[in-house]
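# Architecture at a glance
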Amino acid sequence: MKVISTNISEPKTISWNGKEVNTGIYKYPVKEAIYLGKEDVKGDHVIDRRYHGGVDKACYLYAVDHYPYWKEKYPDLEWNYGMLGENLTIEGFDEHEIRIGTVYRLGEATVQISRPRQPCYKLGIRFNSQKIIKQFINSLLSGVYVRVLTPGYVKVGDEFVIEKKHTKGISIAELNMLMFHYDALKHKNLLDKALQDSLVSDSDKEYFKKHAI
């Protein structure tokens with residue numbers, strides 16, 4: 001796996017339900033390396049820190065491999081890397097294979113897989129359709145947030161390499177199933193596994209307790 005694009009946003013004011021809202025969803029490729037800090041990406045604009053940024057959401061990664069899927073659904077958009085709001089567009093990334101808690105070397109940084117993306121209405125604004133929220137959830141192609149264990153610069157061409165496997169952890173796709181498609185008959189054992197995993201975020205465990213238990 002390797003980095004295909006590094007993406008940064010400028011704050012943008014949009015209209016939503018009659019109100020003006022600031023957002024950092026409009027990310028575009030940049031030529032230079034980006035610096036992954038402990039709680040955010042330097043120079044990026046995290047507007048609402050209740051839902052973005054912080055230790056468990058320091059940087060967002062998305063697979064370039066999924067772009068054809070979305071382009072087919074939204075062919076009229078002006079496409080660029082960063083369209084899904086990601087800071088890093090990664091080649092070879094698969095939500096069914098990558099596990100929560102696994103540690104990767106990424107350029108100068110060391111990161112740990114922390115949480116899948118939960119989309120909000122701002123993604124719908126970016127795509128000119130709120131239909132993408134349900135489509136995004138159903139696809140299980142969520143991308144992932146990472147914790148930054150060792151800050152550092154990341155540039156295009158850098159490899160995304162495993163340093164420490166969390167072999168008993170659950171995959172990003174499995175965590176998405178628990179979040180959005182929970183079935184007590186099918187997923188009870190998986191839920192128990194997630195709740196007992198110390199590397200699944202406390203916020204996700206609280207979500208499961210409210211919506212799945």
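One can find the structure itself at the top, above this paragraph.
Before going into details, it helps to say that this report is about the structure given with it. (Residues numbered from 1 in each chain as written. Predicted model: local features only at pLDDT ≥ 70, side-chain atom pairs only at ≥ 80, totals over all residues. Heavy atoms only, no water.)

On the secondary structure map, T23 appears in strand β3 (residues 19-23). Look at T23 and you get buried, because its relative accessible area is 2%. A polar contact is formed between the side chain of T23 and the backbone nitrogen of I25, at a distance of 3.1 Å. (Helix = DSSP H or I, 4+ residues; strand = E, 2+ residues; numbered from the N terminus. Buried < 20%, exposed > 50% of the residue type's maximum accessible area, 1.4 Å probe, protein only. Polar contact = N/O pair within 3.5 Å; in protein donor to acceptor, adjacent residues only side chain to side chain.)

Attention now goes to the sheet that holds strand β10 (residues 144-150). Spatial ordering of the open sheet is given by β4-β1-β7-β6-β10-β9-β8-β12, a layout of 8 strands whose pairing is mixed. The sheet terminates laterally at β4 (27-30) and β12 (160-164), the two strands that pair on one side only. Taken pair by pair, the neighbouring strands of this sheet meet at an average axis angle of 40°, ignoring direction. As paired elements, strand β1 (residues 2-9) and strand β7 (residues 88-91) share 4 bridges and run antiparallel to each other. When the sheet's bridge partners are listed, K2 is paired in β7 with E91. Docked against the sheet, helix α4 (residues 172-180) engages β9 (109-116) and β10, running at close to 30° with respect to β9. (Pairing = 2+ DSSP bridges. Axes fitted to C-alpha atoms, helices over the stretch in contact; angles between N-to-C directions. Contact = heavy atoms within 4.5 Å.)

Here we take up helix α3 (residues 131-139). I132, I133, F136, I137 and S139 are the residues of α3 that are buried. Around the axis of α3, the buried residues are gathered within 165° of arc, so they sit on the same side. Exposed and oriented more than 90 degrees from the buried face of α3 are K131 and K134. Looking at the buried residues of α3, the elements they touch are β6 (59-63), α1 (67-73), α2 (121-126) and α4. (Arc of directions from axis to C-beta.)

This part covers a negative patch on the surface. Among the surface-exposed residues, D65, E91, D94, E97 and E159 lie close enough to one another that they form a single negatively charged patch. Here D94 shows up in the loop between β7 and β8 (103-106). (Patch = residues over 30% accessible without salt bridge, like charges linked within 9 Å, V, L, I, M, F, W, Y side chains within 5 Å. Areas by Shrake-Rupley, 256 points an atom, 1.4 Å probe, with all protein chains shown as cover. Salt bridge = Lys/Arg side-chain N within 4 Å of Asp/Glu carboxyl O. Lys, Arg positive; Asp, Glu negative; His and termini not counted. Charge placed at Lys NZ, Arg CZ, Asp CG, Glu CD.)

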